[in-house]
Amino acid sequence: MMKYKLFLFLIWCHGMNGSAQTPQELIAKVNKNFNGVKDYSADLMMNFSIPGVNIEPMAGKVFYKQPDKFRVRTKGIVFLPKQNPYYALALLKDTDAYTAVSGGMEEIQAVNCSVINIIPSKENDLILGKFWIDAANGLVIKSQLTTKSNGTVSIENTFGSMRTFALPDKIVFTIDVAKFKVPKAVAVDLNSKSAPKSGGNPKGTGIISLQFSKYVLNKKMTDDVFKD
Amino acid sequence: MINLIKLELFKIVTKPRSYLGFLAITVVVILIQFAFYVDGKQYIEFIFQALQNSFQIEGNILNGSLICFIILQMLIIQMPLLVALVTGDLVSGEAASGTIRLLLSKTYSRGQILWAKFIAGNIYTFALILWLGILALGIGLWVFGTGDLVVLKSDELVILRADDVIWRFLGAFFVAFFSLSVITTFSLMLSCFADNSITPIVASMSVIIIFTIIGTLDVQLFDTIKPALFTTHMIIWRNLFDNPLPTSQIVTSFAILFGHIVLFLSVAFWHFKRKDIQN
Amino acid sequence: MANNSIISIKNLNKFYGSFHVISNLNLEIPEGEVFGFLGPNGAGKSTTLRMLLTLIQPTSGDIWVFNKNLKTDRREILQQIGSIIEKPDFYLYLSAMNNLKIQAGLSRLRPSKSKLFEMFELVGLKGREQDKVKAYSHGMKQRLGIAQTLIHDPRLIILDEPTTGLDPQGIIDLRNMILHLKNDLKKTIVLSSHILSEIELIADSMTIINNGKAVVQGKVGDLLSNEDLIISIEPQSMANCLSAIQQSAWQKKWRANNKNAIELNLSKAEIPELNKFLLEHNLPTYSVSYKRTLEDYFLKLTSQN
């Protein structure tokens, strides 16, 4: 019932939208750009801002292979989102699995984006997806996924020199974080007078920023690099 | 003077009691390492279960650095006892056995003798810390591997990068040695007042336990005296694992600990030089 | 300071609170002798000897040893003193050899192995060098103590109650050792003991202190020669002799008797008178002998004070 009401609401929103392209056309454009890269590797710089966690930036390497194999390799401990950034794009590929509804226009990163809402048609972990698409270039500037298992995850892409390949220079994840406390039995009190370094975000929100550089594309990557 | 220090060290090295500390450290460290080798994964999952709901945590958390940090945490109460067991006996043990008469009726002055005992006691303390470092860090890294260190503070996790960890450990061991040097000096001071071995050892431990309890109680009445207690500053080694490094706090604690060493040593010298050997 | 005095103590005082332990003690100890240092329990003997060894600090007064002031020349003085205070002290968990090495080290010496073995041979502990001292008997410990005292070849040896716990043979051995040290090695020995007979046997000079003060000082022979003797009569008939003495003026001189002998306190000059009395009263005797004991002298002096 809830889905039906949502569907009607979205239809109404679409009616308010003056965009020239339909959601399906936009998605097809995104998918076309997305399919241009079979695999890539790149250097990665990760920054973290997670409540309850004081963690320095970390350099690493990232590997990607179609459709949704994504692996970050670092020397140290990193906190990564449970979904990889291509989960959303992989969702878009299977056009039969969802209904796309236009959600109007919204400006993000000084780009006028078409908002597309995705409602899964089959039983799925995904409850709702929302995409802000740069219609002119077929790039997903931002996505917001609400899943049963992981709550709401927001992914914002910043494109630079690799925009023609739909590869971002930067991806920022914003994740709902459950309240975390170190069990008293194992906690150590450092007697520190300074306030915890972590935090500064809205309560219960963690931010992970991935900065990409030195992309190497389509080198026919094997699956070994994605194994543990 | 070098000769006297060598004699004092010889006496420490040949006393069976001196090896209790090394044995205790060996047993505790190996037990902890073994426990984590067998059950460490469950321990990590227990700590990180809330975060793992929201994130995928990559990297080797259960590594030698974490194990070493946990070992240092656990041994923090035991180490002063192991030190006091030997250093509390340096003067009073001689008084109990009568060899103090031998010592003080020779050509070395009382001041020289006490300096030699102080230095020898600190060398022993350093050896204990070195042994702890070899076992906890050396063997820990060999068995569990290297990696970032996760510091489990009560209000947050601090993750220190692997290349940022070793110098912190070295600093922590040095600071721990300096802190235990306060115990060495304190128990040596008590040893100057006693004529038996047990009293200074028990007294040292009692003082440490009482001060530690006062330091942990969240009572306003004690807030004024806490900064003056040496036990408050003895755990300053932990601050080397904070980020950013609370430099001024570390320096302040160092200065207070140094002040305690000077105070205890002064009292020891004052009494020892004037003490009449009647037994 | 007297010319041949190895130790000179001037106006020495020691207070513990208001308790005056040593009271204006003045003492001259000649060099090259065995000096007996006597006094009842609590008289201040041990305190005085400990002050000599800087184990106790005087409240006031001066101590001169080898013509040097102990306050200013402590190191040079103690380098030449060996001592045993109450009992020899060892690190029981170490071997006898290591104990001796430590003693040498404390005297800033590094004797050769042969010298060390020589010491063990001197005190009759050859072959027991590597045994832990805790396995030593009391007598062996005493001998090791002597070795410790001599390892740095001191000029002056201070022995405080060295016969404590020794059996008769041990006492004899120690006596012979002391005489050897004095006569052959030309050491000066200051000896404090409760076994007064031992002091009388080996001491050349002595002092008796009581309540922290020197009561008397001098050559042992000279001090005792002025004192009454103890005359022991061994009569043929105890009953007759005892009855005759008790009915005469000699009764005042009576000291004690047992079933075999009667003792009288007499000066040497009175002995012929006694002999005459015995003859006149037809009291044959097996023997009339005299002895003079330091014990009696000591008790007499200390009870007077």
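Shown above is the structure to which this text applies.
Cut-off values and rules
- Residues numbered from 1 in each chain as written.
- Chains lettered and ligands numbered in written order.
- Predicted model: local features only at pLDDT ≥ 70, side-chain atom pairs only at ≥ 80, totals over all residues.
- Heavy atoms only, no water.
- Patch = residues over 30% accessible without salt bridge, like charges linked within 9 Å, V, L, I, M, F, W, Y side chains within 5 Å.
- Areas by Shrake-Rupley, 256 points an atom, 1.4 Å probe, with all protein chains shown as cover.
- Salt bridge = Lys/Arg side-chain N within 4 Å of Asp/Glu carboxyl O.
- Helix = DSSP H or I, 4+ residues; strand = E, 2+ residues; numbered from the N terminus.
- Buried < 20%, exposed > 50% of the residue type's maximum accessible area, 1.4 Å probe, protein only.
- Phe/Tyr/Trp six-rings, centres within 6.5 Å; stacked < 30°, edge-to-face > 60°.
- Expected span 1.5 Å × (residues − 1).
- Polar contact = N/O pair within 3.5 Å; in protein donor to acceptor, adjacent residues only side chain to side chain.
- Contact = heavy atoms within 4.5 Å.
- Buried area = accessible area lost by both parts, 1.4 Å probe.
- Nonpolar A, V, L, I, M, F, W, Y, C, P; charged D, E, K, R; others polar.
- 1 Å grid on protein atoms, 1.4 Å probe; cavity = no way out; pocket = protein on both sides within 12 Å on 5 of 7 lines; lining within 4 Å.
- Points joined across faces, edges and corners; volume = space filled by probe spheres on them.

Participant: Tell me what's going on with a nonpolar patch on the surface, and back it up with residues and numbers.
Facilitator: All names here are of chain B. Nonpolar side chains collect at one region of the surface, where F34, Y37, V38, W142 and V143 lie side by side and expose about 650 Å² of accessible area between them. Elements with a contribution of two residues or more to the nonpolar patch: α2 (18-52) and α7 (110-144). A total of 3 residues in the nonpolar patch trace back to one element, the largest contributor, which is α2. W142 gets classed as exposed once you look at its relative accessible area, which sits at 73%.

Participant: Describe unusual backbone geometry, naming the residues involved and giving the relevant values.
Facilitator: In this chain, N243 of chain B is followed by P244 of chain B through a cis amide linkage whose omega measures 5 degrees. Tracing the chain through its elements places P244 of chain B in the loop between α11 (230-234) and α12 (247-274). Here the phi dihedral of K220 of chain A falls at roughly 55 degrees; this positive angle occurs in a residue that is not glycine. Looking at the element boundaries, K220 of chain A is found in the segment after β12 (205-217). One non-glycine residue, D153 of chain C, lies in positive phi territory at about 50 degrees. With respect to the helices and strands, D153 of chain C occurs in the loop between α5 (138-150) and β7 (156-160).

Participant: Before we move on, can you summarise the packing of aromatic side chains with the specific residues and values?
Facilitator: As enumerated under the stated definition, the model contains 24 aromatic pairs over all chains in all. Here F79 of chain A and F55 of chain B contribute two aromatic rings whose centre-to-centre distance is 5.7 Å and whose plane-to-plane angle is 80 degrees, an arrangement assigned as edge-to-face. One end of the pair, F79 of chain A, is in strand β5 (residues 78-81); the other, F55 of chain B, is in strand β1 (residues 55-58), on a second chain. Note on F79 of chain A: relative accessible area 0%, which makes it buried.

Participant: Could you give an account of α5 of chain C, with specific residues and numbers?
Facilitator: For α5 of chain C, which comprises 13 residues, the first-to-last C-alpha distance of 19 Å matches the rise-based estimate of 18 Å (1.5 Å per residue) to within 8%. Along α5 of chain C, the residues that are buried comprise M140, Q142, L144, G145, I146, A147, Q148, T149 and L150 of chain C.

Participant: Go over the side chain of Q66 of chain A, please, and point to the residues and values.
Facilitator: All names here are of chain A. Among the structural elements, Q66 can be located in the loop between β3 (58-65) and β4 (69-74). Residue Q66 is classed as buried on the basis of its relative accessible area of 16%. Reaching out from Q66, the side chain makes a polar contact with the backbone oxygen of V37 at a distance of 2.9 Å. Excluding its chain neighbours within four sequence positions, the residues that come into contact with Q66 are F34, N35, V37, K38 and K93.

Participant: Can you tell me about the interface of chain C and chain B, naming the residues and giving the values?
Facilitator: Contacts between the two partners involve 31 residues from chain C and, on the opposite side, 30 residues from chain B. Of the roughly 2700 Å² buried where chain C meets chain B, counting both sides, 51% is carbon and sulfur surface. Contact with chain B buries area across many residues of chain C, yet L55, Y93 and L106 of chain C alone supply 25% of it, more than any other trio. Between chain C and chain B we count 20 residue pairs in polar contact (both at pLDDT 80 or more) in total. Every element with two or more residues in the side of chain C that touches chain B is listed here: β1 (5-16), α2 (74-78), β6 (81-85) and α3 (96-106) of chain C. Looking at which element gives the most residues to the side of chain C that touches chain B, the answer is α3 of chain C, with 5 residues. Of the residues that constitute the side of chain C that touches chain B, the class distribution is 13 nonpolar, 10 polar and 8 charged.

Participant: If you had to explain empty space enclosed by the protein to someone new, which residues and values would you point to?
Facilitator: To find the voids left in a structure, one rolls a probe of water-molecule size over its atoms. Per the counting criterion, the structure on display carries 5 cavities of 30 Å³ or more. Taken as a whole, the largest cavity holds about 170 Å³ of empty space. Along the wall of the largest cavity there are 17 residues; nearest its centre are L89, V140, N157, F159 and A166 of chain A. Secondary-structure elements contributing two or more residues to the lining of the largest cavity are α2 (23-34), α3 (87-93), β9 (139-147), β10 (151-159) and β11 (168-176) of chain A. Per-class residue counts for the lining of the largest cavity are 14 nonpolar, 3 polar and no charged. Looking at the second largest cavity, its volume works out to about 130 Å³. Along the walls of the second largest cavity sit 16 residues, with L102 of chain B together with S83, I84, I85 and D89 of chain C positioned nearest its centre. Split into classes, the residues belonging to the lining of the second largest cavity amount to 6 nonpolar, 6 polar and 4 charged.

Keep in mind these numbers describe shape, not what the thing actually does.
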